[in-house]
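# Working through the structure, step by step
Spelled out from the first residue to the last, the chains are:
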Amino acid sequence: MNISFYKYQGTGNDFVMIDDRKEFFDIKNLALVQRLCDRRFGIGADGLILIRNKSGYDFEMVYFNADGSQSMCGNGARCAAAFAAFLGIVPDNTYFYAIDGPHRAKINNDWVALEMGAVQSISKVDGDYFVNTGSPHHVRFVDEVETHDVVTVGRDIRYSQPYQPGGTNVNFVTPQPDHSILVRTYERGVEDETLSCGTGVTACALVYGQSKNLNHVKIKTRGGELEVSFISTPDGRFEGITLSGPAKQVFSGIVKTENEISATA
Ligand SMILES: N[C@H](CCC[C@H](N)C(=O)O)C(=O)O
């Protein structure tokens with residue numbers, strides 16, 4: 001079976017993007033998702049995104065982590081909006097559906113500003129924090145994130161008992177003198193560090209912004225720079241959350257899948 005695809009990256013978080021409005025892709029075939037995301041035997045990506053039709057919305061984004069599990073992906077949603085504009089499905093703005101509900105996004109060439117869902121609260125966890133920004137995120141402040149053993153420590157927390165059975169993503173943060181933050185993330189479902197994580201930097205920006213009474217935070221990741229802005233409500237919620245940054249098409253092609261993992265429905 002041949003599948004045509006596009007490859008996108010948002011600050012180094014990279015995705016296989018498929019226009020699946022004809023719904024030919026078998027979303028139960030997780031072996032196919034894993035193969036397409038495999039960096040040796042497949043195209044290689046942190047995740048795979050299908051664009052499908054959904055009444056009442058410009059499109060639906062169906063996201064899979066590289067291991068086939070599903071969750072909300074902030075960088076992936078920004079890339080999905082850029083892809084939808086590239087396909088001519090939307091102009092320079094869109095209202096689409098993802099696993100955590102509806103989102104609006106504005107597309108300006110390779111720059112996408114995504115409206116995230118509201119966040120109800122930030123929890124404290126043994127000196128760290130936990131925030132759900134559409135995906136679960138543990139947030140730990142460290143002195144030198146650049147030299148921190150993100151994979152070992154991140155994996156321990158991700159699989160730790162309090163987060164079982166679903167697990168969590170794990171973010172490490174070092175604030176900078178200019179009130180930006182450096183963030184590195186161990187991502188659930190990739191089971192490794194990714195160059196950036198959209199829902200993760202959003203979680204970190206909310207925790208840091210609340211502590212410094214800021215409502216706009218610049219985040220530096222290994223994959224590039226993102227910005228998060230938000231409104232803190234008097235009852236401790238966060239609304240009007242926007243995640244902005246680059247979302248770029250890298251290449252396109254046709255991938256051949258062997259029979260045993262063909263994409264037939
Ligand atoms: N790995 C995450 C989903 C993708 C999150 C990340 N790629 C983003 O940009 O938000 C999870 O399983 O919760």
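Residues numbered from 1 in each chain as written. Predicted model: local features only at pLDDT ≥ 70, side-chain atom pairs only at ≥ 80, totals over all residues. Heavy atoms only, no water.

## Looking at the overall build of the protein chain
Counting its regular elements, the protein chain contains four helices and 17 strands. Scaling as 2.2 N^0.38, a compact globule of 265 residues should have a C-alpha radius of gyration of about 18 Å, and the protein chain matches this with 18 Å. For the protein chain, the spread of C-alpha atoms along the principal axes amounts to about 50 × 40 × 30 Å. Residues counted as buried form 51% of the 265 residues belonging to the protein chain. Relative to all contacts within the protein chain whose residues are 6 or more apart in sequence, the contacts with residues 24 or more apart total 61%. Both charge centroids of the protein chain, one from 25 positive and one from 32 negative side chains, sit 2 Å from each other. (Helix = DSSP H or I, 4+ residues; strand = E, 2+ residues; numbered from the N terminus. Rg over C-alpha atoms; globule rule 2.2 N^0.38 Å. Buried < 20%, exposed > 50% of the residue type's maximum accessible area, 1.4 Å probe, protein only. Contact = heavy atoms within 4.5 Å. Lys, Arg positive; Asp, Glu negative; His and termini not counted. Charge placed at Lys NZ, Arg CZ, Asp CG, Glu CD.)

## A short note on the site of the ligand
Surveying the vicinity of the ligand reveals 16 residues, the closest of which are Asn169, Glu187, Arg188, Gly198 and Thr199. Between Asn169 and the ligand, the recorded distance is 2.8 Å, taken from a side-chain N or O atom to an oxygen atom. Between a nitrogen atom of the ligand and a main-chain N or O atom of Arg188, the distance comes to 2.7 Å. Alone, the ligand offers 360 Å² of accessible surface; in the complex the protein occludes 100% of this. Every element with two or more residues in the shell around the ligand is listed here: strand 4 (60-65), helix 2 (74-86) and helix 4 (198-212). When its residues are assigned to classes, the shell around the ligand shows five nonpolar, nine polar and two charged. (Near = heavy atom within 4 Å. Polar contact = N/O pair within 3.5 Å; in protein donor to acceptor, adjacent residues only side chain to side chain. Areas by Shrake-Rupley, 256 points an atom, 1.4 Å probe, with all protein chains shown as cover. Nonpolar A, V, L, I, M, F, W, Y, C, P; charged D, E, K, R; others polar.)

## So, helix 3 (residues 150-158)
An α-helix turns once per 3.6 residues; consequently, residues spaced three or four apart project the same way. Among the residues of helix 3, those classed as buried are Val150, Gly154, Ile157 and Arg158. Around the axis of helix 3, the buried residues are gathered within 100 degrees of arc, so they sit on the same side. (Arc of directions from axis to C-beta.)

## Observations concerning the domain arrangement of the protein chain
As assigned here, the protein chain comprises domain 1 (2-110 + 248-264) and domain 2 (123-246). Computed over C-alpha atoms only, the centres of domain 1 and domain 2 are separated by 23 Å. Between domain 1 and domain 2, roughly 1,400 Å² of surface is buried when both sides are summed, and carbon and sulfur atoms account for 46% of that area. Inspection of the domain 1/domain 2 interface yields 11 residue pairs in polar contact (both at pLDDT 80 or more). Of all the secondary-structure elements, those providing two or more residues to the side of domain 1 that touches domain 2 are strand 1 (2-10) and helix 2. (Domains from an automatic or database assignment. Buried area = accessible area lost by both parts, 1.4 Å probe.)

## Structural notes on the UniProt feature "binding site: substrate" (unreviewed entry) in the protein chain
UniProt marks Asn13, Asn65, Gly74, Asn75, Asn169, Glu187, Arg188, Gly198 and Thr199 with the feature "binding site: substrate" (unreviewed entry), using the numbering shown here. Following the sequence through the fold, Gly74 ends up in helix 2. For Gly74, a relative accessible area of 0% corresponds to the buried category. Setting aside its immediate chain neighbours within four residues, Gly74 contacts Leu114, Met116, Gly198, Thr199 and Leu243. (UniProt positions renumbered as here; feature names shortened; annotations may be inferred.)

## What about the state of the cysteines?
Taken as a whole and judged by the stated rule, the model has zero disulfides. Summary of cysteine pairing: Cys73 is not part of a disulfide, and the nearest cysteine sulfur, belonging to Cys197, is at 6.9 Å. Judged by relative accessible area, Cys197 falls into the buried class, the value being 3%. (Disulfide = S-S within 2.5 Å.)

## Description of the environment of Arg237
Positionally, Arg237 belongs in the loop between strand 15 (224-232) and strand 16 (238-246). Taking the C-alpha atoms as reference, Arg237 lies 32 Å from Tyr8; in sequence the two are 229 residues apart. Leaving out residues up to four positions away in the same chain, Arg237 has contacts with Ala118, Val119, Gln120, Ile231 and Ser232. Of note is the side chain of Arg237, whose polar atom sits 2.8 Å from the side chain of Gln120.

## What about the side chain of Thr11?
Within the secondary structure, Thr11 is located in the loop between strand 1 and strand 2 (13-19). At 2.7 Å, the side chain of Thr11 forms a polar contact with the side chain of Ser196.

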